[in-house]
Amino acid sequence: MTGRDGPIRVLVVDDQDLVRAGFCVILAAADGIEVAGEAGNGADAVALAQAEAPDVVLMDIRMPGMDGLAATRLIAGASGFLLKDAPRHDLIAAGDALLAPSVTRMLIEAFTRKPPAMAPSPAALASLTSRERDILRLIARGRSNAEIAADLVVSEATVKTHVGHVLAKLGLRDRVQAVILAYETGMVVPGDN
């Protein structure tokens, strides 16, 4: 696991010293990950992100002063979410599972409570191969790359390649947009297994 030119550099932001230290220990022990810095509040996180240009920011949401949501907006948005109770391997492999399954379920529930505002045409999906459509369905169900690989009996590298193709062909920025598109087009509906 490496960034463009070396290890993935992670900025860890949490107002609780022990939690922040714990995340730093876990990340520093992982191959290919380097802790770029630590911050105890949103304002410090924004300043450190500008100074250090980390690849990833692990941000607590609830903090005094500037909270994690406000800081994330200023830093450049989020492309994924993990909950603090996620297992250690999920934290280290966060690039593979940008949405914790429980966060995906909350997103789906919130989305399905609202009437669709002008859903995109299913024709947008026509450029995908059948395997890429399978991958998109599994992403929309909150599956990690490792889980998708096990389900489809392929390597994680193959899954990552397919995920990249899906995002590129559909003009999507990240897995969050892929989940939304899958639901908006009716490719996946709540309650499907």
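Residues numbered from 1 in each chain as written. Predicted model: local features only at pLDDT ≥ 70, side-chain atom pairs only at ≥ 80, totals over all residues. Heavy atoms only, no water.

Chemist: Tell me about the overall build of the chain, and name the residues and values.
Modeler: The number of helices and strands found in the chain is 9 helices and 4 strands. Scanning the chain from its N terminus toward the C terminus, one meets helices and strands in the order β-β-α-β-α-β-α-α-α-α-α-α-α. Evaluated residue by residue, the chain yields a buried proportion of 35% over its 193 residues. When the accessible surface of the chain is split by element, carbon and sulfur atoms take 57% of a total near 10700 Å². (Helix = DSSP H or I, 4+ residues; strand = E, 2+ residues; numbered from the N terminus. Buried < 20%, exposed > 50% of the residue type's maximum accessible area, 1.4 Å probe, protein only. Areas by Shrake-Rupley, 256 points an atom, 1.4 Å probe, with all protein chains shown as cover.)

Chemist: Could you give an account of the nonpolar core, with specific residues and numbers?
Modeler: Grouped together as the largest cluster of nonpolar side chains are 23 residues, with contacts concentrated most on Leu 125, Ile 135, Leu 136, Ile 139, Ile 148 and Leu 170. Apart from residues no more than four positions distant in its own chain, Ile 135 is found in contact with Ile 148, Leu 152, Val 159, His 162 and Val 163. Val 13, Ala 49, Met 59 and Ala 71 belong to the second-largest nonpolar core, a separate cluster that totals 9 residues. (Core = buried A, V, L, I, M, F, W, Y, C linked by side-chain atoms within 4.5 Å. Contact = heavy atoms within 4.5 Å.)

Chemist: Account for the side chain of Arg 20, with residues named and values stated.
Modeler: Structurally, Arg 20 is set in helix H1 (residues 17–29). What makes Arg 20 buried here is its relative accessible area of 12%. Side-chain polar atoms of Arg 20 contact the side chain of Glu 38, separated by 3.2 Å. (Polar contact = N/O pair within 3.5 Å; in protein donor to acceptor, adjacent residues only side chain to side chain.)

Chemist: Quick one: what's the story with the packing of helix H7 (residues 145–152) against helix H8 (residues 156–170), residue by residue and with numbers?
Modeler: Contact geometry for H7 and H8: axes closest at 8 Å, N-to-C directions at 110°. Classified by the angle their axes make, H7 and H8 are roughly perpendicular. The segment H7 lies against H8, with Asn 145, Ala 146, Ile 148 and Ala 149 engaging Glu 156, Val 159, Lys 160 and Val 163. Looking at side-chain class alone, the contact of H7 with H8 contains 5 nonpolar, 1 polar and 2 charged residues. (Axes fitted to C-alpha atoms, helices over the stretch in contact; angles between N-to-C directions. Parallel < 35°, antiparallel > 145°, perpendicular 65-115°, else oblique. Nonpolar A, V, L, I, M, F, W, Y, C, P; charged D, E, K, R; others polar.)

Chemist: Please give an account of helix H2 (residues 42–52) that cites residues and values.
Modeler: Among the residues of H2, Gly 42, Ala 45, Val 46 and Ala 49 are the ones counted as buried. Along the axis of H2, the buried positions cluster into a sector of 100°, meaning they face one direction only. Considering only its buried residues, H2 is in contact with strand S2 (6–13), strand S3 (33–39), strand S4 (56–59) and helix H3 (68–75). The N-capping residue of H2, defined by a side-chain oxygen 3.1 Å from the backbone nitrogen of Ala 43, is Asn 41. Count one or two residues on from H2 and you reach Ala 53, which has phi positive near 45°. (Arc of directions from axis to C-beta.)

Chemist: Describe in detail H1, supporting the description with residues and values.
Modeler: The end-to-end C-alpha distance of H1, which contains 13 residues, comes to 18 Å, matching closely the 18 Å that a straight helix rising 1.5 Å per residue would cover. By the burial criterion, the buried members of H1 are Arg 20, Phe 23, Cys 24, Ile 26 and Leu 27. Buried residues along H1 cover an arc of 165° about the axis, so they all sit on one side. The exposed set on the far side of H1, more than 90 degrees from its buried face, consists of Asp 17, Leu 18, Val 25, Ala 28 and Ala 29. (Expected span 1.5 Å × (residues − 1).)

Chemist: I'd love a proper account of unusual backbone geometry, names of residues and values included.
Modeler: Here Ala 53, not a glycine, exhibits a phi torsion of approximately 45°, which is positive. Position of Ala 53 relative to the elements: it lies in the loop between H2 and S4. One non-glycine residue, Val 153, adopts positive backbone phi at about 55°. Along the chain, the position of Val 153 falls in the loop between H7 and H8. Assessed through its relative accessible area of 72%, Val 153 is described here as exposed.

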